Structure formats: C-alpha cells, structure tokens
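An overview of the molecular structure
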Amino acid sequence: MESFYKKRIVLGITGASGIAYAIKTAEMLKQADCEIFCAVSDASKMVAQEEVGINLVERLQKVGVDKIYAENDISAPIASGSFRFDAMAVVPCSMKTLGKIANSIADNLVIRASEVALKEKRRLVIVPRETPMATTQIRNMLTLSEAGAVILPASPAFYFKPQKVEEMVSFVSARILASLEIERTFLKEWGM
C-alpha cells in the first residue's frame, strides 16, 4: 500500500517590507499541497496593511494556510522539536529577527521555531529584505549560514523579462520553494 505524505512547512512572517513574498510563497506552498503552519509577527500585520492594504491573517486564511499562530504563542507546536516539520522559511525576514535568530534570542515564536529548525537540522530558509546591509547584518547572515540556514535575499531576476511586479514576486517565491526542497516546478530553469 502506497502512503501519501504531505510536506509540513513552517512559514514565519516578520515586519520587513515585502509581505507580497510571504503571501505568494504561501499560495505556492498550498498549490504544492503542503501543510502550512504560519507564525505571524505583530509588525507583519501592520506592514501588510500599509504595503498592500490587507488584513494578513484573513488573507492567509483565504489562501488555505492550515494553522496561524501569533508571535507570542510560545506554546504553539512549532516551538518544540518534537513537532515534526520538514522545513521552515522566514519571509520576509527583518534584520531584527535575523539578528535574534543568529544570536539565539528566542523572544517570539518566529525566532523559536527557527531555532528548532536549526537545532533539529531541518532546512531553514531566511529571506532578508534590506538594502544596503550593515557589516553586522552580513555577519549575522554568515552565522546563520554556518549554522546550516539558507540565506536567500529577495532579489528577483530579469533574464525571463518580467512585465509585472507580480512576476518578480513569483520568481523569488519559486526560488524559496526550491530551497525548501519542494519538488513541484514553479520556475523555468536557465537555458531550458
């Protein structure tokens, strides 16, 4: 008998600019039939309202995210290593959150779940959204990379000649899914 297994993905959303990346990533994860557990910071809710005029929690519910946790819900299952998930992405990742993950300052659920991913040797993808970057921020990224995280700046490509902002957002989100090792192909490969 063949068993069917849905990949379990944790999606942390912080208050950096680029909420569109988080929403598109959630949509693509749902299309790939993943089970999605979101940790949403208070700042991300404010940024979502300011940047795109939406209620972030309502939008994630509309996408079909399986579970949404507030940043202060440290009792959430994703805060424990005994909760099995395949991978995690922090999209977008504020520099404050990145610095706290790099220095093990787990004062909210996004950071704690990220620590769980690292300590349990699960895939952790960090999508920083900042430019330019200070040397201290680059050092924090190096610390996370050395700990096993994938650092994936929100840098869209232009070789596929995008015509709309949505296409550039989709490109970055497709790269996030590829880094999460989601098998479904959302991105045309170079030269193909």
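Everything quoted here is computed from the prediction, not taken from an experiment. (Residues numbered from 1 in each chain as written. Predicted model: local features only at pLDDT ≥ 70, side-chain atom pairs only at ≥ 80, totals over all residues. Heavy atoms only, no water.)

Examining the overall build of the chain
Filter applied, for reference: Where helices and strands are cited, they refer to DSSP runs of H or I of at least four residues and of E of at least two residues respectively, numbered from the N terminus. Atoms considered for the radius of gyration are the C-alpha atoms alone. The globule rule reads 2.2 Å times the number of residues to the power 0.38. Remark: exposure states derive from per-residue accessible area (1.4 Å probe, protein chains only) relative to the maximum for the residue type, with buried under 20%, exposed over 50%, and partly exposed in between. The contact rule is simple, with two residues in contact once any of their heavy atoms fall within 4.5 Å. A 1.4 Å probe and the Shrake-Rupley method give the accessible areas. Residues count as covered only by the protein chains that appear here. Positive charge is attributed to Lys and Arg, negative charge to Asp and Glu, and no charge count is given to His or to the chain ends. Lys charges are placed at NZ, Arg charges at CZ, Asp charges at CG and Glu charges at CD.
Across its full length, the chain holds 7 helices and 6 strands. From first element to last, N terminus to C terminus, the chain shows the α and β order β-α-β-α-α-β-β-α-α-β-α-β-α. Whereas a compact globule of 192 residues would reach a radius of gyration of roughly 16 Å, the chain reaches 16 Å, a difference of no more than 12%. Along the first, second and third principal axes, the C-alpha set of the chain runs to 55 × 45 × 35 Å. When the 192 residues of the chain are sorted by exposure, 47% land in the buried category. When contacts within the chain are restricted to residue pairs at least 6 apart in sequence, long-range pairs at least 24 apart make up 77% of them. Of the roughly 9900 Å² of accessible surface on the chain, a fraction of 50% belongs to carbon and sulfur atoms. Looking at charge distribution, the chain has the averaged site of its 24 positive side-chain charges lying 2 Å from that of its 22 negative ones.

Description of the sheet that holds strand 6 (residues 150-151)
Formally: Strands pair, by our definition, only if DSSP identifies at least two bridges between them.
Spatial strand order, 3-2-1-4-5-6: 6 strands in an open sheet with parallel pairing. The open sheet terminates on both sides in strands that have one partner only, identified here as strand 3 (67-70) and strand 6. By the bridge criterion, 4 bridges tie strand 1 (residues 8-13) to strand 4 (residues 87-93) in an arrangement that is parallel. Its bridge partner being in strand 4, V10 is matched across the sheet by M88.

Digging into the side chain of S114
You can see S114 is positioned in helix 5 (residues 109-119). Those residues in contact with S114 that lie beyond four places of it in its chain are M88, V90, I101 and L124.

A short note on the packing of aromatic side chains
What counts, and what does not: In summary, the pairing rule links any two rings of Phe, Tyr or Trp, Trp by its six-membered ring, whose centres are within 6.5 Å, and it sorts them by plane angle into stacked for under 30 degrees, edge-to-face for over 60 and tilted for everything else. Should the NZ of a Lys or the CZ of an Arg lie within 6 Å of a ring centre and within 35 degrees of the ring normal, that charge is described as sitting over the ring.
Considering all chains together, one arrives at 4 aromatic pairs under this definition. A cation over an aromatic ring shows up here: R122 above the ring of F85, its NZ or CZ 4.7 Å from the ring centre.

Some details on the nonpolar core
Where we set the bar: Each nonpolar core is a collection of buried residues, namely Ala, Val, Leu, Ile, Met, Phe, Trp, Tyr and Cys, held together in the definition by side-chain atoms within 4.5 Å.
In this structure, I13 and L180 are the most contacted members of the largest nonpolar core, which totals 38 residues. Where this core is concerned, the elements lending two or more residues are strand 1, helix 1 (19-31), strand 2 (35-40), helix 2 (42-52), helix 3 (56-63), strand 4, strand 5 (123-128) and helix 7 (165-179). Considering each element in turn, this core owes the most residues, 7 residues, to helix 1. Among the nonpolar cores identified, the runner-up in size contains 28 residues, and A39, V110, A117 and L144 belong to it.

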